Amino acid sequence: MLPRITIITPSFQQSAFLEQTIQSVIAQDYPNLEFFVIDGGSTDGSVEIIRRYAAHINWWVSEKDNGQSDAINKGLQRAGGDIITWLNSDDVLFPNALYTVAELFGKHPQAWVVHGKTHLFGEGFPTTEKGAPVPCSEALYLAKLPFPQPSAFFRREALQAVGLIDTSLHYGMDYDLFLRMYLQGRDFIGTTAVLSGYRLHKDAKGVAVQARFAKDYARIFARLLNSMSSPDAHLLRMAADAGLLLAEEARYEVKRNIPPEALQWALFENTLARLSFLYEALALPEARRLAVFLREEAPDFCRQHPEILQIANRSRLPAGLIRLLRMFR
């Protein structure tokens, strides 16, 4: 029998995209599906769309909430599926995604997470595919969310082990959740299959608020460092230089043995992710500072990532000129 899969769609004022998202879930024609839509009290016609498809939705609500993380948690608390994910209301599932995920979990009974690729699309944005390398390195799992969240599915057992989404995080909450799962020491399985479409548009969180992603990523990695029993003094000195020694009270439960070299490489990967967010947000002085830090502390890493030198050079330019250059990329 196919495992029960729970899909949770949080939404707020997304009537322009919500119907396509719902249709992509229904079109899976997956016989053991649990589907929730949690709307934050939209006034743009979203509720009418939800009602139109109510026969295909196991539970929905439209009420004021405390943001995306809170909305997803409402669904996670009700989720009865063996396998769970959330699909934002501007993203879509690709055909047969749920059958592919069910098959992979069946082949890997010890796996807690299965992740695939996503198709980036949106008016005015280049169309491409994105996903973690297969296999994915330990450093990447520690440093950031290396796979696209709409193409990531997890067992209910994993959620029960680590708890719900941290509602104090609004931009890195998926990185935090999957990091907590990874630190439990269970398997993550990657596939090159494209499981979802990730819509880019000017109001999308991933486009509009890049600097806030950088802040959440720093907080989460600081928690990781604080959770290690005896971090290396050299690593701590680099973490301080990279702005990662923060007064984060939260600690992670670490059941996985993490080699020092993996943690150091993860620090570099996390810093690269943050400087990319900051550069996109045109927070140029801080982006350049992090790029210079990597150039000085991690020359081997920089040779693998030539964009670091490019950001170090371009961040000297006026923000207006950088905006102009982006029009031609």
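Note: the structure precedes this text.
Residues numbered from 1 in each chain as written. Predicted model: local features only at pLDDT ≥ 70, side-chain atom pairs only at ≥ 80, totals over all residues. Heavy atoms only, no water.

## Side note on the nonpolar core
Counting 80 residues, the largest nonpolar core has F154, F178, M181, F221, L224, L267 and L294 as the members making the most contacts within it. Here this core gets 11 residues from one element, more than from any other, and that element is helix α11 (residues 260–280). Membership of the second largest hydrophobic core comes to 27 residues, among which are I49, I50, V101 and L104. (Core = buried A, V, L, I, M, F, W, Y, C linked by side-chain atoms within 4.5 Å. Buried < 20%, exposed > 50% of the residue type's maximum accessible area, 1.4 Å probe, protein only. Helix = DSSP H or I, 4+ residues; strand = E, 2+ residues; numbered from the N terminus.)

## Let's talk about the side chain of R256
Among the structural elements, R256 can be located in the loop between α10 (233–241) and α11. Within the structure, R256 has its side chain in polar contact with the backbone oxygen of R186 (distance 2.7 Å). In this structure, R256 is in contact with E138, Y182, L183, G185 and R186, ignoring residues within four places of it in sequence. (Polar contact = N/O pair within 3.5 Å; in protein donor to acceptor, adjacent residues only side chain to side chain. Contact = heavy atoms within 4.5 Å.)

## Looking at the environment of K117
Relative to the assigned elements, K117 resides in strand β6 (residues 111–121). Each C-alpha atom, one on K117 and one on F147, is 7.1 Å from the other, the two residues being 30 residues apart in sequence. When neighbours within four sequence positions are excluded, K117 is seen to be in contact with E129, K130, G131, P148, S151, T191, T192, A193, V194, L195 and S196.

## Thoughts on the packing of helix α7 (residues 173–182) against helix α9 (residues 210–227)
Across the interface, α7 lies against α9 with an axial gap of 9 Å and an inter-helix angle of 20°. In terms of their interaxial angle, α7 and α9 are classed as roughly parallel. Relative to α9, α7 is oriented so that their crossing is right-handed. Packed against α7, whose contacting residues are Y175, D176 and L179, the element α9 presents Y217, I220, F221, R223 and L224 at the interface. (Axes fitted to C-alpha atoms, helices over the stretch in contact; angles between N-to-C directions. Parallel < 35°, antiparallel > 145°, perpendicular 65-115°, else oblique. Left-handed = near helix turned anticlockwise from the far one by under 90°.)

## Quick notes on the side chain of D176
As for its placement among the helices and strands, D176 is situated in helix α7. What makes D176 buried here is its relative accessible area of 1%. Engagement of the side chain of D176 in a polar contact is seen with the side chain of R223, the distance being 3.4 Å.

## Notes on the packing of aromatic side chains
The description of an aromatic ring pair rests on the distance of the ring centres and on the angle between the ring planes. For the coordinates displayed, the defined rule picks out 16 aromatic pairs. On the basis of an interplanar angle of 75° and a centroid distance of 5.8 Å, the ring pair of F154 and F178 is categorised as edge-to-face. Here the residue F154 occupies a position in strand β8 (residues 152–155), and F178 occupies one in helix α7, the gap between them amounting to 24 residues. Here F154 matches F178 in class, with each residue buried. Ring plane angle 90° and centroid distance 5.3 Å describe the contact between Y182 and F188, whose orientation is recorded as edge-to-face. Summarising the burial analysis for this pair, Y182 and F188 share the class buried. Cation over ring: R78 sits above W59, and NZ or CZ is 3.9 Å from the ring centre. Sitting above the plane of the Y182 ring, R256 keeps its charged end 3.7 Å from the centroid. (Phe/Tyr/Trp six-rings, centres within 6.5 Å; stacked < 30°, edge-to-face > 60°. Lys NZ or Arg CZ within 6 Å of the ring centre and 35° of its normal.)

## Some thoughts on the packing of α9 against α11
Two packed helices can be described by the angle between their axes and the distance between those axes. Relative to each other, α9 and α11 sit at 165°, their axes nearing to 7 Å. Relative to α11, α9 is oriented roughly antiparallel. In the packing of α9 onto α11, the handedness of the crossing is left-handed. Judged by residue contacts, Q210, A211, F213, A214, Y217, A218, F221, L224 and L225 of α9 engage L263, A266, L267, N270, A273, R274, F277, L278 and E280 from α11. Here the residues of the contact of α9 with α11 are counted per class, giving 14 nonpolar, 2 polar and 2 charged. (Nonpolar A, V, L, I, M, F, W, Y, C, P; charged D, E, K, R; others polar.)

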